Amino acid sequence: MKICDLRQCADVSGTAELLAQWFVDGFADEGAKYDEELAWLQKSILEPGALPVTLVALESGEPVGTARLFLDEMPDRSQYNPWFGYAYVVPSRRGNVILPRLYRAMCEYCVGSGVAEAYFYTRRSERPYEAMGWRLLEKRQWLGHSVSVMSMPLLKPSQCP
C-alpha cells in the first residue's frame, strides 16, 4: 500500500471525483454535498504546502482510503486546530490496516510540519482512540449529534500511533 498527498497523486484518474463521492457516502448526515466536496478537493490540489491536506491510500494504483487534515472544523472552538477528519475506507477493505496507516501518515505529516497537537471528533466510543494516544477534551453536541472531541500531542514521530 502507498499513501500519498492528493497533490502528488492527483494524476490518478478521477481521484478527486471519487473522494468527493466517498465523502458524501460517509458524511452526508453531517452535511457533505458532492459539488462542495469536489470544489474543496480541487482547490486543495492547487494550494501546495498549505492546509488542507488530503492523504490517499492506494493499493495497486487504486484509491482504497483517505483522510484529511484541515482547519476550523468547529468555528466555536477556534483554539482546536488543525483537525483530522473525513477518514474513509472503502467498505470491502475496512477492518484492516488502511485506517491506522492513514492516521500514522497524517500524524507524521503533522510532526514534520511542526504541528504540536491535532484534534478530531467521533460519534462513536472514544476508547479505541484513547488506546492510540488520543485524549478526550470534551463531549458536546455538534451538527445534531453527541460527539467526543479528542486531541493528541504530536511532538515527535514516536508519538504517532
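Quick caveat: nothing in here was measured; it's all calculated off a predicted structure.

1. What about the overall build of the protein?
Then, number 1: Secondary structure assignment for the protein yields five helices and seven strands.
Then, number 2: Listing each helix as α and each strand as β along the protein from the N terminus yields β-α-α-α-β-β-β-α-β-α-β-β.
Then, number 3: The C-alpha radius of gyration computed for the protein amounts to 15 Å, which stays within 12% of the reference 15 Å derived for 161 residues, consistent with globular compactness.
Then, number 4: For the C-alpha atoms alone, the extent of the protein along its principal axes is close to 40 × 35 × 30 Å.

2. Comments concerning the packing of helix α2 (residues 15-27) against helix α3 (residues 34-45)
Then, number 1: Where α2 contacts α3, the two axes come as close as 8 Å, and the packing angle between them is 135°. As far as their axial angle goes, α3 and α2 are oblique. Remark: the crossing between α2 and α3 carries right-handed chirality. Across the interface between the two elements, A16, E17, L19, A20, Q21, F23 and V24 of α2 pack against Y34, E37, L38, L41, Q42 and I45 of α3.

3. Some points on α3
Then, number 1: In a regular helix each residue adds 1.5 Å, so twelve residues correspond to 16 Å; α3 covers 17 Å between its end C-alpha atoms and thus fits that length.
Then, number 2: Taken residue by residue, α3 has E37, L38, L41 and S44 as its buried positions. In a view along the axis of α3, the buried residues occupy a sector of 130°, so they form one face of it. The exposed residues of α3 that point more than 90 degrees off its buried face are D35 and K43.
Then, number 3: Elements in contact with the buried residues of α3: α1 (6-9), α2, β2 (53-59), β3 (62-70) and β4 (83-89).

4. Re α2
Then, number 1: Here α2 is 13 residues long and its end C-alpha atoms lie 18 Å apart, about the 18 Å a rise of 1.5 Å per residue gives.
Then, number 2: Among the residues making up α2, those that are buried are T15, A16, L19, A20, W22, F23, V24 and F27.
Then, number 3: As for α2, its buried residues are in contact with α1, α3, β2, β3 and β4.

5. A short note on the layout of surface pockets
Then, number 1: In this model, the largest pocket occupies a volume close to 900 Å³.
Then, number 2: Lining the largest pocket are 34 residues, with F27, E30, G85, Y86 and A87 positioned closest to its centre.
Then, number 3: Within the residue set of the lining of the largest pocket, elements represented by two or more residues are α2, α3, β3, β4, α4 (98-112) and β5 (117-122).
Then, number 4: Element by element, the count of residues in the lining of the largest pocket is highest for β4, at seven residues.
Then, number 5: Considered class by class, the residues forming the lining of the largest pocket number 18 nonpolar, six polar and ten charged.

About the criteria used
Residues numbered from 1 in each chain as written. Predicted model: local features only at pLDDT ≥ 70, side-chain atom pairs only at ≥ 80, totals over all residues. Heavy atoms only, no water. Helix = DSSP H or I, 4+ residues; strand = E, 2+ residues; numbered from the N terminus. Rg over C-alpha atoms; globule rule 2.2 N^0.38 Å. Axes fitted to C-alpha atoms, helices over the stretch in contact; angles between N-to-C directions. Parallel < 35°, antiparallel > 145°, perpendicular 65-115°, else oblique. Left-handed = near helix turned anticlockwise from the far one by under 90°. Contact = heavy atoms within 4.5 Å. Expected span 1.5 Å × (residues − 1). Buried < 20%, exposed > 50% of the residue type's maximum accessible area, 1.4 Å probe, protein only. Arc of directions from axis to C-beta. 1 Å grid on protein atoms, 1.4 Å probe; cavity = no way out; pocket = protein on both sides within 12 Å on 5 of 7 lines; lining within 4 Å. Points joined across faces, edges and corners; volume = space filled by probe spheres on them. Nonpolar A, V, L, I, M, F, W, Y, C, P; charged D, E, K, R; others polar.

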